[in-house]
Amino acid sequence: MKTPKIYWISVFVMVSFFTACEKEDVACTDEKAFCNLVNKQEFNATGQVIDNFLESLQKNDDLALEKLKEWLECKSCVKTAEILCNSCIETLPLQSEILVKFNANGQVVEKTMDISMSDKLKFEGYH
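Note that this is a predicted model, so its numbers are computed, not measured. (Residues numbered from 1 in each chain as written. Predicted model: local features only at pLDDT ≥ 70, side-chain atom pairs only at ≥ 80, totals over all residues. Heavy atoms only, no water.)

Topic: the environment of alanine 45
No. 1: As for its placement among the helices and strands, alanine 45 is situated in the loop between helix 2 (31-39) and helix 3 (46-56).
No. 2: Taking relative accessible area as the criterion, alanine 45 reaches 35% and is therefore assigned partly exposed.
No. 3: Separated by eleven residues in the primary sequence, alanine 45 and phenylalanine 34 have C-alpha atoms spaced 8.7 Å apart. (Helix = DSSP H or I, 4+ residues; strand = E, 2+ residues; numbered from the N terminus. Buried < 20%, exposed > 50% of the residue type's maximum accessible area, 1.4 Å probe, protein only.)

Spelled out as structure tokens, the structure:
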């Protein structure tokens, strides 16, 4: 028995629909500038590169912190980035924390990044 054409058309439409609904990939920009600073262990100087990326985001929405995490993880000098908390530090505006494990010239360095959750996210520093 042959499979009807309508079946194959339905399968194609469903696959197209579900793949189109995947989240948008984050462009891995500023790799060289960011990793040069990491390799010099000038971690706070990465703040300007991070802020440049954050300015490219439309606004502080539910996905902005996740986009920052993905942007960090695409860098060759970042082993992992983990969102520790979202808007958990009670300052004005609230702050979030991301644990970043850097690969600085073969040495793993852990830093906790603070991000201000204002209308536009902003790098606050590491500790």
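A look at the pairing of strand 2 (residues 95-104)
No. 1: Counting buried residues in strand 2 gives eight out of ten residues, a clear majority hidden from the surface.
No. 2: Relative to strand 2, strand 1 (residues 78-89) is paired through seven bridges, and the arrangement is antiparallel. Each residue of the ladder has a partner; that of threonine 80, found in strand 2, is lysine 101.
No. 3: Taking the residues between adjacent antiparallel strands as the criterion, strand 1 and strand 2 are bridged by five residues.
No. 4: In terms of strand pairing, strand 2 meets strand 3 (residues 107-116) through ten bridges, oriented antiparallel. (Pairing = 2+ DSSP bridges.)

Observations concerning the state of the cysteines
No. 1: For the coordinates displayed, the defined rule picks out three disulfides.
No. 2: Each disulfide pairs two cysteine sulfurs, and for cysteine 28 the partner residue is cysteine 74, the sulfurs being separated by 2.0 Å. Across the disulfide from cysteine 28 to cysteine 74, rotation about the S-S bond amounts to roughly 90 degrees, and the bridge is consequently right-handed. One end of the pair, cysteine 28, is in the loop between helix 1 (5-20) and helix 2; the other, cysteine 74, is in the loop between helix 4 (64-73) and strand 1, and 46 residues separate them in sequence.
No. 3: A relative accessible area of 36% places cysteine 28 in the partly exposed class.
No. 4: Two residues, cysteine 85 and cysteine 88, share a disulfide whose sulfurs are 1.7 Å apart.
No. 5: By sequence order of its bonded cysteines, the protein has the disulfide arrangement 1-3, 2-4, 5-6. (Disulfide = S-S within 2.5 Å.)

A word on the sheet that holds strand 1
No. 1: Strand order in the open sheet formed by four strands is 1-2-3-4, with antiparallel pairing between adjacent strands. Of all the strands in the sheet, the pair left with one neighbour each is strand 1 and strand 4 (122-126). Ignoring which end each strand starts from, the neighbouring axes of this sheet average 25 degrees apart.
No. 2: Sheet contacts for helix 2: strand 1 and strand 2; angle to strand 2, the most-contacted strand, approximately 75 degrees.
No. 3: The strands that helix 4 touches are strand 1, strand 2 and strand 3; relative to strand 1, the one it contacts most, it runs at about 160 degrees. (Axes fitted to C-alpha atoms, helices over the stretch in contact; angles between N-to-C directions. Contact = heavy atoms within 4.5 Å.)

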